[in-house]
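Examination of the molecular architecture
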Amino acid sequence: MKYPMILAAAMTVGLAACGQPEETPATTEAAPAGSADMATMPMTSDAPAQTGAGTGTITAVDAAAGTITIEHGPIPGVGWPAMTMRFAASPTIVEAASTGERVEFDVSVRDGVNEITAIRPE
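Residues numbered from 1 in each chain as written. Predicted model: local features only at pLDDT ≥ 70, side-chain atom pairs only at ≥ 80, totals over all residues. Heavy atoms only, no water.

**Some points on the sheet that holds strand E1 (residues 50-62)**
- Taking strand neighbours around the barrel as the criterion, the five strands line up as E1-E2-E3-E5-E4 in a closed arrangement whose pairing is mixed. The sheet shows a mean angle of 55 degrees between the axes of neighbouring strands, taken without regard to direction.
- Looking at chain direction, strand E3 (residues 83-89) and strand E5 (residues 113-121) are connected through two bridges and run parallel. Following the sheet pairing, Ala88 is matched in E5 by Glu115. (Pairing = 2+ DSSP bridges. Helix = DSSP H or I, 4+ residues; strand = E, 2+ residues; numbered from the N terminus. Axes fitted to C-alpha atoms, helices over the stretch in contact; angles between N-to-C directions.)

As structure tokens, then:
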């Protein structure tokens, strides 16, 4: 009777250790001269932007942030299902947008930035 209990306890301890992050030793090395914090470095790629076209309803316009939020249908060109999301847009496009308006729009996606490049009434 003792052996099954000991085995169960050992398995519990073993499983508890699984998935625990390894401790990484702290480093005290200084960054090389002229290096910058990675968080402040621009992360861009040479990959071309993905583009697509969609239709939807404008649910919010934020001129100060330069964004338009659209509840849109699927956009196959960029692999998106129907959803509501916020897009960056130029001041000219933001000025022309009105909450509640049904629109067709073109979108460009590059380096995690979703930008409306053209918008027109549906």
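Okay, back to it.
**Observations regarding the pattern of salt bridges**
- Considering all chains together, one arrives at four salt bridges under this definition.
- Arg102 is the partner of Glu122 in a salt bridge, and the nearest nitrogen-oxygen pair spans 2.8 Å. Of this pair, Glu122 sits in the segment after E5 while Arg102 is found in strand E4 (residues 102-110), placing the two residues 20 residues apart along the sequence.
- Assessed through its relative accessible area of 40%, Arg102 is described here as partly exposed.
- Across the salt bridge formed by Asp111 and Arg110, the nearest N and O atoms sit 3.8 Å from each other.
- Since its relative accessible area comes to 37%, Asp111 is described here as partly exposed.
- One connected set of salt bridges, linked through shared partners, spans Glu104, Asp106 and Arg120. (Salt bridge = Lys/Arg side-chain N within 4 Å of Asp/Glu carboxyl O. Buried < 20%, exposed > 50% of the residue type's maximum accessible area, 1.4 Å probe, protein only.)

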